[in-house]
2 protein chains.
Amino acid sequence: MSHQKIRNMEEFATLSGISRPTVSKYFNDPESVRPSTRDRIETALKEFDYRPNIYAINQNRRLTKNIGIVVPYLADPFFAEIARVLERRCIAAGFTPSLFSSHGEQGLESAILDNLRSLKPAGVLLAPLGRASDRKHIEDFCRDVPTILFDSNIEGVGAAFVGSDNFSFVSQTVEYLSRTGKVPCFFEMKDPANPNANKRRHAYLEMMRRLNLESHLVKIDGVGWGFEEIGRQGALKILREGSLPTNTVLCSNDRLAIGFLSACHELGISVGRDEECAIHVASHDDHPYSRFTCPSLTTAAHDYEAVADHAVETLFQLIEAGGKLETREETLFAARLIMRGSA
Amino acid sequence: MSHQKIRNMEEFATLSGISRPTVSKYFNDPESVRPSTRDRIETALKEFDYRPNIYAINQNRRLTKNIGIVVPYLADPFFAEIARVLERRCIAAGFTPSLFSSHGEQGLESAILDNLRSLKPAGVLLAPLGRASDRKHIEDFCRDVPTILFDSNIEGVGAAFVGSDNFSFVSQTVEYLSRTGKVPCFFEMKDPANPNANKRRHAYLEMMRRLNLESHLVKIDGVGWGFEEIGRQGALKILREGSLPTNTVLCSNDRLAIGFLSACHELGISVGRDEECAIHVASHDDHPYSRFTCPSLTTAAHDYEAVADHAVETLFQLIEAGGKLETREETLFAARLIMRGSA
DNA sequence: TTCATTTATTTACGCGCGTTAAATTTATAT
DNA sequence: ATATAAATTTAACGCGCGTAAATAAATGAA
């Protein structure tokens, strides 16, 4: 490998013995040039290791090969995990993903979208904050940039939505609990940031109605994205008051459940599947840590891969279609019940 | 706000009644133009909402205002948390951070650095994979791009290193445990990916020597970044064999400890600070979840803010100094002991 | 008012690449 | 060998902005 510094495509083209427009063509699509030409370029590429200036490239493209991935809260391993899968898929398809976290803040989410706009991305995969989002801001963004929403839906916004079927989550947990003789109350934040939480509450109420069971909502205080601490504080309060309506608690999500378990342990309350345990706990999401809680969490798992795959696939379709799809489809994937030690 | 589309700086300059070079000057540094001029530009900015084309800007800069942040494993909330702080600091200083995760893979880490190179970043904050890193690749990168290493040191590589003082971590936990009458064995991976793990082992051995206590290393199998599962499997094996040398376990890091606690619960072994508990567990890092484990983890906390602040500050110095610092400083921050329920 | 100083304008070039049209070469099929 | 199609070359323009030099205007102190 020669360590000669190459300034631009012109120089590289000369060194490889190919004209610049052909070299340019090669970089846009290696298959678009004759194999013999491709070989000569790739040979030169190995010798001189030149990379086209990404800024010059993108200046002349209406759209870049960038894909923006925006999640509401990256410190939540659930989002880190799904972002990881999304990144891989994008790279595999020849795109350059860039990852952003709104860190639970509306202002940051809006700022990220503003910046993203000037990155001229081919497309964006956006998991909005939810209730905290500036809906109009996101709408405006989606009008200009091909965007797929995931995880958290905003009705009518974006070219499509891909997420999990909240009813599937809750119906399976409720059904399982009641089948094993446990009558769950529903443990959730009073003002959930995420629309999925509302869907889960409705699913719980509906399921209890169908099963002819009395439903109980346990709503706890707290704002923000520190769900574990919110769950813990809420649980401490409820448990100390002795106001838990049933001995089976179905948490809206695993992070609240992690807090709930922590509170139980602190108060010396036994949690587990067995009859002799004081409380049974189940939850939703199959958070990466839910298998390591004590006891391990019975929960309903997202189909990470399916959600990520379908979101990316839909985005690619959207990009190929030039940024508009016929109809705005909402695709929901079913949950898978994971029976562990907590209920 | 007029919704007239503005194509370029020329148009915007005309509309704002200022010449283009002056407008350009304004965008590079608003303070560099007369206040009256600034006002006129900012008034126009509100009316027409124009943003300079970032690609055209960067093409003409030798260095951009980008800062790369690279962490080894973003699904680890520890890194997500520190990345969050780093991002904020960069934004506050007028830079544009972009976040990358190596996802525990050497190939990906190298690829990220290659891409980063062509982003012409003003600087990079890099937490290497550690043992799994391609040292030469990173060295080459650091020669070309102003880089500060953090979290995990590679001797002599990068312009500076900022991290935590592993001896401080271990000395405090060991000292605390022994002071309360507990003699810890050290629980760790056989082949730790991270150099900090080695430093911690040495610190443990040194501390035990100083305290005139017999030291015991418990080395468990496992590779990769799924530390919780590795810790859990390792603990199950050791506990089932009954080969735990002491009833006090000092884990190399919190994620292993989380796995350890999970195994204990599974086997019905009580863990806690009290004498009547079968096992006492302490650890290091103050992982975001360590306060929610059952029991909550006694651990030594990183000074996240200090590490992040100092890393960013050092990077800014490096950038201002033109990419070279007099000497390669290694700054280590002391740990803070967090006493919780587990030991 | 005058002169020095700061700030803005005008003009012009360059950055590295996408892209196009016309000319030319090369490959493929007859 | 010849016609046709496909690929490449040549030449040239444009993208949006940074930047430099020369000039003009505004400011501010004497």
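Residues numbered from 1 in each chain as written. Chains lettered and ligands numbered in written order. Predicted model: local features only at pLDDT ≥ 70, side-chain atom pairs only at ≥ 80, totals over all residues. Heavy atoms only, no water.

Caption draft 1: Structural context of the sheet that holds strand 8 (residues 248-251) of chain B. Residue and element names in this part refer to chain B. Taken in spatial order, the six strands line up as 7-6-8-9-10-12 in an open sheet, and their pairing is mixed. One side of each edge strand has no neighbouring strand; the edge strands of this open sheet are strand 7 (217-220) and strand 12 (336-338). Strand-to-strand twist of the sheet, defined as the mean angle between neighbouring strand axes without regard to direction, takes the value 20°. Relative to strand 10 (residues 298-301), strand 9 (residues 280-285) is paired through four bridges, and the arrangement is parallel. Across the sheet, the residue bridging to Ala282 is Thr298, located in strand 10. Of the strands in this sheet, strand 6 (184-189), strand 8, strand 9, strand 10 and strand 12 touch helix 8 (residues 166-179), which is tilted by about 160° from strand 9. (Pairing = 2+ DSSP bridges. Helix = DSSP H or I, 4+ residues; strand = E, 2+ residues; numbered from the N terminus. Axes fitted to C-alpha atoms, helices over the stretch in contact; angles between N-to-C directions. Contact = heavy atoms within 4.5 Å.)

Caption draft 2: Up close: the protein's contact with DNA strand C. In the vicinity of DNA strand C, 24 residues are found, and the nearest of them are Met9, Ser24 and Tyr50 of chain A together with Thr37 and Asn60 of chain B. Backbone atoms, meaning sugar plus phosphate, form 64% of the atoms of DNA strand C positioned within 4 Å of the protein. One of the side-chain nitrogen or oxygen atoms of Tyr50 of chain A is found 2.4 Å away from a phosphate oxygen of DNA strand C. Looking at the surface near DNA strand C, the elements with two or more residues in it are helix 2 (20-28) and helix 4 (54-59) of chain A together with helix 2 (20-28) of chain B. (Near = heavy atom within 4 Å. Polar contact = N/O pair within 3.5 Å; in protein donor to acceptor, adjacent residues only side chain to side chain.)

Caption draft 3: Layout of the relation of the copies chain B and chain A. Rotating chain B by 180° and moving it 0.0 Å along the rotation axis overlays it on chain A with an RMSD of 0.1 Å. Given the turn and translation reported, the copies of this chain are related as if by a two-fold rotation axis. By C-alpha distance to the rotation axis, the residue of chain B lying nearest is Tyr55 of chain B, at 2.3 Å. Both copies contact each other with a shared surface, as 100% of the interface residues of chain B are interface residues in chain A too. (Least-squares fit on C-alpha atoms with pLDDT ≥ 70 in both.)

Caption draft 4: Local environment of the interface of chain B and chain A. Listed per partner, the contact involves 40 residues of chain B and 40 residues of chain A. Per-residue buried area on chain B facing chain A is highest for Tyr55, Tyr289 and Phe292 of chain B; these three make up 22% of the total on that side. Scanning the region where chain B abuts chain A turns up four salt bridges. Note that Arg88 of chain A is salt-bridged to Glu105 of chain B, the shortest N-O span being 2.7 Å. At the boundary of chain B and chain A, one finds 16 residue pairs in polar contact (both at pLDDT 80 or more). Broken down by element, the residue count for the side of chain B that touches chain A peaks at six residues, all from helix 5 (residues 77-92) of chain B. For the side of chain B that touches chain A, the class distribution of residues is 16 nonpolar, 11 polar and 13 charged. (Buried area = accessible area lost by both parts, 1.4 Å probe. Salt bridge = Lys/Arg side-chain N within 4 Å of Asp/Glu carboxyl O. Nonpolar A, V, L, I, M, F, W, Y, C, P; charged D, E, K, R; others polar.)

Caption draft 5: Expanded view of the protein's contact with DNA strand D. Around DNA strand D lies a shell of 25 residues, among which Thr37 and Asn60 of chain A together with Met9, Ser24 and Tyr50 of chain B are the nearest. In the interface set of DNA strand D, defined as its atoms within 4 Å of the protein, sugar plus phosphate atoms amount to 65%. One of the side-chain N or O atoms of Ser19 of chain A is found 2.6 Å from a phosphate oxygen in DNA strand D. Between Arg20 of chain A and DNA strand D, the recorded distance is 3.3 Å, taken from a side-chain N or O atom to a base nitrogen. For the surface near DNA strand D, the secondary structure elements donating two or more residues are helix 2 of chain A together with helix 2 and helix 4 (54-59) of chain B. No other element matches the four residues that helix 2 of chain B contributes to the surface near DNA strand D.

Caption draft 6: The arrangement of the packing of helix 1 (residues 9-16) of chain B against helix 2 of chain B in detail. Residue and element names in this part refer to chain B. Taken N-terminus to C-terminus, the directions of helix 1 and helix 2 make an angle of 100°; their axes are 9 Å apart at the nearest point. It follows that helix 1 is roughly perpendicular to helix 2 by the angle criterion. Residues Met9, Glu10, Phe12, Ala13 and Ser16 of helix 1 touch helix 2, and the partners they reach there are Arg20, Val23, Ser24 and Phe27. (Parallel < 35°, antiparallel > 145°, perpendicular 65-115°, else oblique.)

Caption draft 7: Inspection of the domain arrangement of chain A at higher detail. Splitting chain A by domain gives domain 1 (9-52), domain 2 (66-164 + 305-334) and domain 3 (166-301). In this structure, domain 1 of chain A and domain 2 of chain A have C-alpha centres spaced 34 Å apart. (Domains from an automatic or database assignment.)

Caption draft 8: Here's a closer look at the pattern of salt bridges. Taken as a whole, this structure holds 52 salt bridges over all chains when the rule is applied. For the salt bridge of Glu206 of chain A with Arg210 of chain A, the shortest nitrogen-to-oxygen distance reads 2.9 Å. A residue pair is termed a helical-turn pair when its members lie 3 or 4 positions apart in one helix, as Glu206 of chain A and Arg210 of chain A do in helix 9 (residues 195-210) at four residues. The partner of Arg255 of chain B in a salt bridge is Asp76 of chain B, with the nearest N and O atoms 3.1 Å apart. Residue Arg255 of chain B is located in helix 11 (residues 254-266), and its partner Asp76 of chain B is located in the loop between strand 1 (66-71) and helix 5; the two are separated by 179 residues in the primary sequence. Under the relative-accessibility criterion, Asp76 of chain B is labelled buried at 5%. Through salt bridges with shared partners, a single network forms among Glu229, Arg232 and Glu266 of chain A together with Arg291 of chain B. (Buried < 20%, exposed > 50% of the residue type's maximum accessible area, 1.4 Å probe, protein only.)

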